[in-house]
Protein chains: 2
Amino acid sequence: MKNDARIEAVYRLHCGARAVEARAQAIAVEQSVEMPLSAIHEDWIRNEVVARVEAIEPEDADAGAGTATSWRVTLSLDARTVADDPGQLMNMLFGNSSLHPDLELLDARLPASLLDALPGPAFGIEGLRTLVGASRRALTCTALKPQGLPPQRLAALAGSFARAGIDLIKDDHGIADQPWAPFAQRVAAVQREVARANAQTGGRSVYAPSLSGGARRLAEQLRIAREEGVRCVLACPLVIGVASFVELVRERGDLAVLAHPALGGAARIAPALLLGRLMRLFGADATIFPNFGGRFSYSRQTCRAIADAARAPLAHHRPTLPAPAGGMSVARVDEMIEEFGSDVMLLIGGNLLEAGDALPQRAHEFVERVQRACGC
Amino acid sequence: MKNDARIEAVYRLHCGARAVEARAQAIAVEQSVEMPLSAIHEDWIRNEVVARVEAIEPEDADAGAGTATSWRVTLSLDARTVADDPGQLMNMLFGNSSLHPDLELLDARLPASLLDALPGPAFGIEGLRTLVGASRRALTCTALKPQGLPPQRLAALAGSFARAGIDLIKDDHGIADQPWAPFAQRVAAVQREVARANAQTGGRSVYAPSLSGGARRLAEQLRIAREEGVRCVLACPLVIGVASFVELVRERGDLAVLAHPALGGAARIAPALLLGRLMRLFGADATIFPNFGGRFSYSRQTCRAIADAARAPLAHHRPTLPAPAGGMSVARVDEMIEEFGSDVMLLIGGNLLEAGDALPQRAHEFVERVQRACGC
């Protein structure tokens, strides 16, 4: 059963030069067969299923390789161990190895068979542009907050945002199915108000409710959202499970899907891989990430890498729209478009709400600045 | 809508004394309303929904509090923000804050309302004892490896383990639904062989297949497992998503459920909380964790803390059986029972397979040592 389709996984390993070969080999075994190789009698399993150490390179060896304490280790894994299960992909890349505090997953290059098995974005950048009617400029996005507000207040807020011309209005990711704004009532109220605002202005603002829970609840929420005429949903793949996210992606009909990174920060998986490439392969049409200089600590370089991974050519897959977020402000619109270009969705939440009674004006300013910055 | 039911979440924050109060307050906001407080007009939301900083204590202040770089920060959160969704619990405890590299989640004390909403173990220690017919001694467990073996070989292996008297025989967690041993065929073959071995020996070994995938696949696998007479299943809550895990727990009928920690190691969540208390509340009847001195690096103290959290009184919930694993050996049986007592399940995999042709003997030795160490 010869098979040349291997996954290349790149890790950063913190250890000394004397230990690195043995550690790399141990990780290869851990991430594939998880047992002593001497006890495996089948040649083909030892030759193919067992992960291979393909390369070990020192990262910090200024005084010579013997002094390095940080290493880039490349393993190749048999793609058949993943089959077509996204959860199994995470398991094979970093399941047990996540338990090693000195190991980080930096990159994963998947063979064609696996790239074909994963859905990728159905809308992607072009699809979202068509959805909101913005063929060239960056997209604008905001969030309904805080959780605790009843459906009518969330709807009123959404109406204000829609009348200002904001493209995408999403639930704050903490708004799930709490008693103060149960999903069905909230979605009905907000969607109705956004549709009303669109009818008034001729706009095409889109509301994206946040989906949560186990499979049963997710399916029910998807059904309700569709019935209410919703055109887009938000979910947190690391919270609901990546396989559940992919199932959602496969079953959402003609709804766009946005991915939120909640619970993904501590994964010790490089953000460009997790929030860029993997979210894209799992089917996110846009991927929200914490931009540099906001409430979170990703560097500019990391954020560029996320956007690159989201948009760079990747087999036949459409590009995913990067959505920098996390304490962004209207004052930074020009800078963010300078940084990321127009194929981006700027997500500004708290900064709009801070304006209080002047919220409509600030939201309008957000929209206008983006248009000007993109030459529209 | 006054409500005294709050969750107490304890974090470790790495920062200097001058920054700690502001950081703690920022985290409280991040983990609840995620927007500037000045923009919240509803008093009750500011007073109840917004998380509160309850305590800030220096951890390392030998030379005085001004020198501390590590702090224990206690926040209280409104339990209604979680409602009854386990995924939302993870989101509220550590969703966005997981994106802060200097923050760890150490502990979470849940109010009665939430403890009631979560299932807890249906079998727990007593139920698993009854299942395998071991009323006093520690339980024995092993794993079918490596992935790549076809169903007949996995079944033969399981038969050997069952004839030796091992209580629980689980799939290696990497064995999912790969082409070399598709779930349905594997489960049928292994279950049949284990049942045959039990009939021969009068034993009560139990096979626990590993469930994986999104909701549809999980439900299908559960159905197949039940049809084949399987009495126990294994799942990885962090891989399939904790809400999916809880749904599985609620729908598994009379099957016991074991939890595996794959992908949970990097979470920056204290192992005792994640693998002990939370797995228990999510409904794991046994919780597998990497024991000290094996292939992983948890300390003895950490492992004790996991076992304590799994077994200590927790409202009305049954205790979960701790299952130390990860490179354990028959030689360590006495020591592990000395460490954890008899309310434990010892999981030894590779060490048995390493014996090659002498596998039946070593498996038998495993069983006998446990019996002797427990005075049975």
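Since the model is a prediction, treat every value here as computed from it, not as a measurement.

## Re unusual backbone geometry
Here comes step 1: Of note, the bond from Lys145 of chain A into Pro146 of chain A is cis; its omega dihedral lies within 30 degrees of zero at -5 degrees.
Here comes step 2: Within the secondary structure, Pro146 of chain A is located in the loop between strand S5 (139-144) and helix H6 (151-164).
Here comes step 3: The backbone of Ala83 of chain A shows a phi angle near 55 degrees, a positive value even though the residue is not glycine.
Here comes step 4: By the element assignment, Ala83 of chain A lies in the loop between strand S3 (70-78) and helix H3 (86-94).
Here comes step 5: On the basis of relative accessible area, Ala83 of chain A is assigned to the partly exposed category, the value being 26%.
Here comes step 6: Despite not being glycine, Ala315 of chain B has its phi angle at roughly 50 degrees, a positive value.
Here comes step 7: Note that Ala315 of chain B resides in the loop between helix H12 (300-311) and strand S11 (321-325).

## Some details on the domain arrangement of chain A
Residues and elements named next belong to chain A.
Here comes step 1: Under the domain assignment, chain A is made up of domain 1 (6-114) and domain 2 (124-373).
Here comes step 2: One C-alpha centre belongs to domain 1, the other to domain 2, and the line joining them spans 34 Å.
Here comes step 3: For the pair domain 1 and domain 2, the summed buried area comes to about 1,200 Å², and 69% of that belongs to carbon and sulfur atoms.
Here comes step 4: Ranking the residues of domain 1 by area buried against domain 2 places Pro86, Met90 and Leu105 at the top, with a combined share of 41%.
Here comes step 5: Note that Asp107 is salt-bridged to Arg277, the shortest N-O span being 2.8 Å.
Here comes step 6: For the pair domain 1 and domain 2, the interface holds seven residue pairs in polar contact (both at pLDDT 80 or more).
Here comes step 7: Listed by contribution, the elements that provide at least two residues to the side of domain 1 that touches domain 2 are H3 and strand S4 (103-109).
Here comes step 8: Sorting elements by how many residues they give to the side of domain 1 that touches domain 2 places S4 first, with seven residues.
Here comes step 9: Across the side of domain 1 that touches domain 2, the residue classes tally to 10 nonpolar, four polar and four charged.

## Considerations on helix H7 (residues 183-201) of chain A
Residue and element names in this part refer to chain A.
Here comes step 1: If you check H7, its first and last C-alpha atoms are 27 Å apart, about what 19 residues at 1.5 Å a residue would give, namely 27 Å.
Here comes step 2: Among all positions of H7, only Phe183, Arg186, Val187, Ala188, Ala189, Val190, Gln191, Glu193, Val194, Ala197 and Asn198 are buried.
Here comes step 3: Residues of H7 that are buried in the fold lie against S5, H6, strand S6 (168-171), strand S7 (206-208) and helix H8 (215-227).
Here comes step 4: Immediately beyond the C-terminal end of H7, within one or two residues, lies Gly202, with a positive phi of roughly 75 degrees.

## Some remarks on the environment of Gly159 of chain B
Here comes step 1: Following the sequence through the fold, Gly159 of chain B ends up in helix H6 (residues 151-164).
Here comes step 2: Sequence separation between Gly159 of chain B and Leu110 of chain B is 49 residues; the distance between their C-alpha atoms is 43 Å.

## Here we look at the sheet that holds strand S8 (residues 232-235) of chain A
Residues and elements named next belong to chain A.
Here comes step 1: Read across the sheet, four strands follow the order S8-S9-S10-S11 without closing on themselves; strand pairing throughout is parallel. Both edges of this open sheet fall to S8 and strand S11 (321-325), since each of them pairs with a single strand only. Strand after strand, the sheet turns through a mean of 25 degrees between neighbouring axes, direction not considered.

## Let's talk about the interface of chain A and chain B
Here comes step 1: The interface is formed by 77 residues belonging to chain A together with 77 residues belonging to chain B.
Here comes step 2: Note on chain A versus chain B: buried area summed over both sides is about 6,300 Å², and carbon and sulfur give 57% of it.
Here comes step 3: When the buried area of chain A at its contact with chain B is split by residue, Leu99, Trp180 and Leu263 of chain A rank highest and sum to 11% of it.
Here comes step 4: At the level of secondary structure, the elements contributing two or more residues to the side of chain A that touches chain B comprise helix H2 (43-49), H3, H8, helix H9 (237-240), helix H10 (242-251) and helix H14 (350-353) of chain A.
Here comes step 5: With six residues, H3 of chain A is the largest single contributor of residues to the side of chain A that touches chain B.

Conventions we followed
Residues numbered from 1 in each chain as written. Chains lettered and ligands numbered in written order. Predicted model: local features only at pLDDT ≥ 70, side-chain atom pairs only at ≥ 80, totals over all residues. Heavy atoms only, no water. Helix = DSSP H or I, 4+ residues; strand = E, 2+ residues; numbered from the N terminus. Buried < 20%, exposed > 50% of the residue type's maximum accessible area, 1.4 Å probe, protein only. Domains from an automatic or database assignment. Buried area = accessible area lost by both parts, 1.4 Å probe. Salt bridge = Lys/Arg side-chain N within 4 Å of Asp/Glu carboxyl O. Polar contact = N/O pair within 3.5 Å; in protein donor to acceptor, adjacent residues only side chain to side chain. Nonpolar A, V, L, I, M, F, W, Y, C, P; charged D, E, K, R; others polar. Expected span 1.5 Å × (residues − 1). Contact = heavy atoms within 4.5 Å. Pairing = 2+ DSSP bridges. Axes fitted to C-alpha atoms, helices over the stretch in contact; angles between N-to-C directions.

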